[in-house]
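Here is what each chain is made of, one letter per residue.
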Amino acid sequence: MEKGMRQSLKYILLIVICVVFLFPLAWALACSIKPESEILSYPPKWIPDTFTVSNYTTVLEKYPYLSWGANSLITAVCGTLMILFLSSLAAYALGRFEFRGRKLIYGTIVTMLLIPIQAYMIPLYLMCAKIGLLNTYASIIFPSAANVTSIFILTSFFKSLPRELEEAARIDGCGEFTIFLKIMLPLSKPALSTVTILTFIANWNSFLWPMIAIRSDKMLTLPVGIAQFMGSVNSNAQFQYGTALAACCMAIIPTMVVFLLLQRYFVEGIATSGIKG
Amino acid sequence: MKKIIAVLASIAMVSSLFSGCAGGSQPASTASGAASGAASSSASAPVSINYYGGWTGGDLDKMSALVQKFNESQSEVQVTFTSLQWSQMFTKFLADYQAGSTPDVVAMHTFELGQFVDMGVLNADAIKGLNLNAADYIKTAWDGTILNDVQYGIPLDVNMHALYYNKDLFKAAGIASAPTNKEELIAAAQKLTVDANGKNATESGFDAANIKQYGFGFLQNHHAFYQTFALMNQQGYNPFTDNMTTLSLDSGKTSAALQFLEDLVYKYKVTPAGEKSPIDDFKAGSVAMVIDGNWQLSGVNSAAKFDWDTAAYPQIFSQKAVWGAAELLAIPNNKDADKVKAAQTFIKWLSDNSAEWALSGQIPANVKAQQAATKIKGIDAYNSELDYVKFLPAHKKSVKIFSSAAPSPILTAAQNAMLNGKDPAEITKQLESDINKVLAG
Amino acid sequence: MSNRQMSSGAAARNLTSTKGTKPLRASQGKIAALFLLPYLAVFLVFRLGPSIAGIAISFFKWDLAGSLSFIGINNFKRMLTDSNFHTSILNTLIFFVLTLPPLILLSLLLAAFFNQKMRGRNVGRVVAIIPYVLIPAVVGIIWNWMYDNNFGILNFYIKKMGGSAIHWLTNEHVALISVAIVIIWSFLGYNTILFLAGLQGIPKELYEASLIDGATRFQTFMKITLPLLKPTTSMVVTLTMVNTVQLFDQIYVMTNGGPGTSTLTMVQYLYTSAFQNYEMGYGSAIEVAVLIILVIMIFIQNKFLKVDEGV
């Protein structure tokens, strides 16, 4: 009986949490299927009087939304893969090897976490201009690959793995790369999927740098493209709610997919590895 | 030490690798960056130039269409158009300028001109070379491109405030026409401010805490200062000049302007305090009149489900005046003479063919284009204001003083008046000292 | 070193120094370099180099278009008397105080909740991350609109329930809180994911043993979960500090630093100085100040949540 109570309390709590998180999004979604005049009507209505997909078709037909999406996908996927590759190697070295200068290197890397893009954007831009990188996918991918959060997360993860693992492997005569590939990486699934999720989202939503680095309309990424056509609240331009909301609702899908695919791993990763017991 | 050198060497290698592959795979980027000097001057190949603007939404669509039309109309010049939000576009412009790959045409507002002139990035000779004729342009817009007797750009368009009003609500309240002066404005606004019980602000028992329809709305950010500026000018008073080094504000006149706006919110209660988006409230039919710019015309046209129109900005004080701004096209300094020439060709064409620009609610500064333009609904009131529209000065520090982002002297003043209902005389004093700080800095 | 606690990944407390681990063979320094080199190359070119250059600009006067002129520490001197700068520090600190505790406590509770066995928890996890996934500028716009004083949906419900309208973004005393609510809403899911990953690292047997010993769930949480989560907590606190102090997009869209200067944070002021006024040097100097403040915060944070200093 008491257990039943507790269970239903849990579900009530779950529903409350979902409502709080979803409220603004649901409101955006509800409005994205209304005509512009109805979006603004007061008192606000959740169910539209006239249901329309015209905001969505406008976005898809009038703007190169799909190529923006493709650009975003390419840069976010490549950037994330590069981060996974570069950061797992580096974090492994920082987390598990003892060598001179390790603290200095780690300290320097993590300190960069404290410097926002606004502070190094201009030098980065001038450098990219010098080496002819502007307006290319590479100009978005490489700066995003110099990711710090991933080093931060992975280093402390690698550090926490038990020593016995590799020592046993070493006794078996495995080389360091083999240990890294065959033993450490499989164990790191939860940490790696956390990093994948977080960096993919960060890359996907990245705004200021891609906007500055990309010049041609066809090369834009989604957030920059959406910002272009939706107008701005701060400048003298009309703001189009319907299309902006529709564009934004669609832009959520890829990140949700990545999250759904990977969250299983960081949930199950440790549980199934068997080492923890 | 050895290690450090090894690391540096490998970085150099890696970075050269990047530049190598980037150059190879992306010809689009190198076209703008590398082609300087004689490379682009061969007779057959078109000169490709870059054009930066700050438009979004419908304006962006229209401008893109115009650029495309230009590109298709001839084969000597090919324009690549980039549009970001204004301040971000300027950052990109200046960074590109610094990197030696400046855009060839840049759009800006007249009040932003002073800053760029002060930086020395604009090519006045290129504008002189166009041999423009003042009579072909709307006078205020033309004057706005000139700073200390030198012309730095070709005027593109003019933006202004005017009054939008909901004719259906006017009819329901028994008001025949749009207000033109202070008394009419307040009377109409009061009749149009209605509480939940259907009583308007002139009736007894009116519940000011429960208003469901407001009479008069306007933006309470920097635009509230723009209105203050207009109302100062309506008293024949404009202390802001292109070359001011200090500012002393006439407390009486500045306060009177601020007081009028404050009264609408706090005394007559016909304007919602802290209104964020008046034009959306207007479109929704919950505010009967709003002050906003011509850039909203096409949006109102497509969203409003009622009968509406625009009227000239009301005359509150002794003479007519309204805030406005003009956009212009300038040519940055560039060693490549071919590109400058191509830029000249393009901006002249754009100005001459700007009639279509009017389709998004703009008023072309080119008189012929303005007259040729298809009149979109509501533009007449704006056109009627052209004779007395007032611009902010093109002072080299105008961008700081009149900025829409904190900490800006005018934003603080506007918000102190509109949101806090502070004493206008005090606001004036603070505004004066804030501006003087910027001027001195 | 072979008991469960050690291996749990969370018990870094006992790993604070590397003394306990066997020193590696000398040749492994070279292997470490090989592991590090690819990342360091990209990092140096695209992050460290530009960042150092960015900070160096703080000693110059530069309008971005022209050339740099060295002015020593004048930019820093100017900060001393710039009241807007002082306001921005205060706002940043207040904002930090408003956002950090909820972002840590609520996300920890959420993670603990989502870590339970129950149906629909995956739905909950996905839902919680959605706000973080949205494009920040759009988040700002959606909330801006919900916050509208007169015709916003929030005030509509507040009025319906008999309350009086709140001037969310236009009252100087409320605006920063309103922005903080949006930020908590946005980042809660992000922190929850990090905590969840940390919770996954705690072996279930520990809980079971504790429960068998007769401890209540609450006691188990306090005695076992929290101490083992310390490294994760430390990381989450650091990332949250960095994220909130560096927050830009949402404030830019929602208030632009206003009303008055009530939401003018340091990064907001940095942006205005550098990219609206083109005082690149002064902007960089503000960045140096941001950096110093963050370093102090992290230093304090490390005092309280002392872990991982061996790294």
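Quick notes on the rules
Residues numbered from 1 in each chain as written. Chains lettered and ligands numbered in written order. Predicted model: local features only at pLDDT ≥ 70, side-chain atom pairs only at ≥ 80, totals over all residues. Helix = DSSP H or I, 4+ residues; strand = E, 2+ residues; numbered from the N terminus. Buried ≥ 20, exposed ≤ 12 C-beta atoms within 10 Å, placed from the backbone. Contact = placed C-beta atoms within 7 Å. Rg over C-alpha atoms; globule rule 2.2 N^0.38 Å. Nonpolar A, V, L, I, M, F, W, Y, C, P; charged D, E, K, R; others polar. Core = buried A, V, L, I, M, F, W, Y, C linked by C-beta atoms within 7 Å. Domains from an automatic or database assignment. Pairing = 2+ DSSP bridges. pLDDT = per-residue confidence, 0-100.

Engineer: So, the overall build of chain C: which residues are in play, and what are the values?
Structural biologist: A tally of regular secondary structure across chain C gives 14 helices and 2 strands. Put simply, chain C has 311 residues, and 53% of those count as buried. Sequence-distant contacts in chain C: of pairs separated by 6 or more residues, those separated by 24 or more amount to 72%.

Engineer: Explain the overall build of chain B to me, and be specific about the residues and the numbers.
Structural biologist: A count of helical and extended segments in chain B gives 19 helices and 13 strands. The C-alpha radius of gyration computed for chain B amounts to 25 Å, which stays within 12% of the reference 22 Å derived for 441 residues, consistent with globular compactness. Principal axes of the C-alpha set define a box for chain B whose edges measure 85 × 60 × 40 Å. When the 441 residues of chain B are sorted by exposure, 57% land in the buried category. Considering only residue pairs separated by 6 or more positions, chain B has 75% of its internal contacts joining residues 24 or more positions apart.

Engineer: How would you sum up the interface of chain C and chain B? Please name residues and give values.
Structural biologist: Counting from both sides, the interface comprises 32 residues of chain C and, opposite them, 37 residues of chain B. At the level of secondary structure, the elements contributing two or more residues to the side of chain C that touches chain B comprise α2 (27-56) and α13 (266-275) of chain C. Among the elements that line the side of chain C that touches chain B, the one with the most residues is α2(C), at 5 residues. Here the residues of the side of chain C that touches chain B are counted per class, giving 13 nonpolar, 16 polar and 3 charged.

Engineer: How would you sum up the environment of A:Pro48? Please name residues and give values.
Structural biologist: Residues and elements named next belong to chain A. Relative to the helices and strands, Pro-48 resides in the loop between α2 (36-39) and α3 (54-62). Take Pro-48: there are 16 C-beta atoms within 10 Å of it, and that puts it in the partly exposed class. Along the sequence, Pro-48 and Leu-73 sit 25 residues apart, while their C-alpha atoms lie 32 Å from each other.

Engineer: Tell me what's going on with the interface of chain C and chain A, and back it up with residues and numbers.
Structural biologist: With 86 residues of chain C at the contact, the number on the chain A side is 85 residues. Sort the elements by how many residues they give to the side of chain C that touches chain A and α2(C) lands first, with 18 residues. By residue class, the composition of the side of chain C that touches chain A is 62 nonpolar, 18 polar and 6 charged.

Engineer: Which residues make up the environment of C:Ile153, and what are the values?
Structural biologist: Tracing the chain through its elements places C:Ile153 in helix α7 (residues 153-160). The class of C:Ile153 is buried, set by 20 C-beta atoms lying within 10 Å. In sequence terms C:Ile153 and C:Trp143 are 10 residues apart; their C-alpha atoms lie 9.8 Å from each other. Apart from the residues lying within four places of it in its own chain, the contact partners of C:Ile153 are A:Trp27, A:Pro44 and C:Met146.

Engineer: Talk me through the nonpolar core; I want residue IDs and the actual numbers.
Structural biologist: With 311 residues, the main nonpolar core has A:Ala90, A:Cys248 and C:Val42 as its most contacted residues. In terms of residues, this core owes the most to one element, helix α8 (residues 175-200) of chain C, which gives 16 residues. Counting only domains with at least three residues in this core, you end up with domain 1 (1-52) and domain 2 (54-273) of chain A. Excluding residues within four positions of it along the chain, C:Val42 makes contact with A:Leu86, A:Phe142, A:Ala145 and A:Ala146.

Engineer: I'd like a description of unusual backbone geometry, backed by residues and values.
Structural biologist: Put simply, B:Ala406 and B:Pro407 share a cis peptide bond, and its omega is -5°. Tracing the backbone shows B:Pro407 in the loop between α17 (398-401) and α18 (409-418). Residue C:Pro259 is bonded to the preceding C:Gly258 through a cis peptide linkage, with omega at -5°. Positive phi outside glycine occurs at B:Asp149, with the angle close to 70°. Examined against the element boundaries, B:Asp149 turns out to sit in the loop between β4 (146-147) and β5 (150-151). The phi dihedral of B:Lys269 is positive, around 55°, even though this residue is not glycine.

Engineer: Hey, could you go over the environment of B:Ser177 for me, with residue numbers and the actual values?
Structural biologist: Structurally, B:Ser177 can be placed in the loop between α8 (167-172) and α9 (182-192). Sequence spacing of B:Ser177 and B:Ala311 is 134 residues, and the spatial spacing of their C-alpha atoms is 9.3 Å.

Engineer: Which residues make up the pairing of strand β9 (residues 287-293) of chain B, and what are the values?
Structural biologist: Residue and element names in this part refer to chain B. In terms of burial, β9 is a largely internal element, 7 of the 7 residues being buried. Across 5 bridges, the pairing between strand β6 (residues 154-166) and β9 is antiparallel. Bridged to Tyr-165 within β9 is Met-289. Here strand β8 (residues 211-218) pairs with β9 via 4 bridges, running parallel. Bridge pairing in β9 places Phe-216 opposite Met-289.

Engineer: Quick rundown of the confidence of the model for chain C? Include the residues and the values.
Structural biologist: Residues and elements named next belong to chain C. Averaged over every residue, the pLDDT of chain C is 84; the share at 70 or more is 89%. No element of chain C has a lower mean pLDDT than helix α1 (residues 4-7), which averages 35, and none a higher one than strand β1 (residues 60-61), which averages 96. Scored below 50 in pLDDT, residues 1-23 shows 49 contacts in the model against residues more than four places distant or in partner chains. Quick note on the complex model: pTM equals 0.87, ipTM equals 0.87.

Engineer: Please give an account of the pairing of strand β10 (residues 308-311) of chain B that cites residues and values.
Structural biologist: Residues and elements named next belong to chain B. Burial along β10 is one-sided: Trp-308 and Thr-310 are buried, while Asp-309 and Ala-311, pointing the other way, are not. Note that β6 and β10 share 4 bridges and pair antiparallel. From the neighbouring strand, Tyr-165 faces β10, where its bridge partner is Asp-309.

Engineer: An account of helix α5 (residues 110-119) of chain B is requested, with residue identities and associated values reported.
Structural biologist: Residue and element names in this part refer to chain B. Within α5, 8 of the 10 residues are buried, leaving the element largely enclosed by the surrounding structure. When α5 is considered as a whole, its buried residues turn out to be Thr-110, Phe-111, Glu-112, Leu-113, Gly-114, Gln-115, Phe-116 and Val-117. Next to the buried residues of α5 lie β3 (105-109), α7 (139-144), β4, β11 (322-330), β13 (389-391) and α17. A positive phi of about 75° marks Gly-120, the residue just after α5.

Engineer: Hey, could you go over the confidence of the model for chain B for me, with residue numbers and the actual values?
Structural biologist: With 90% of its residues at a pLDDT of at least 70, chain B reaches an overall mean of 89. In this model, residues 1-42 of chain B is a region of pLDDT below 50 whose contacts with residues beyond four sequence positions or in other chains number 47 contacts.

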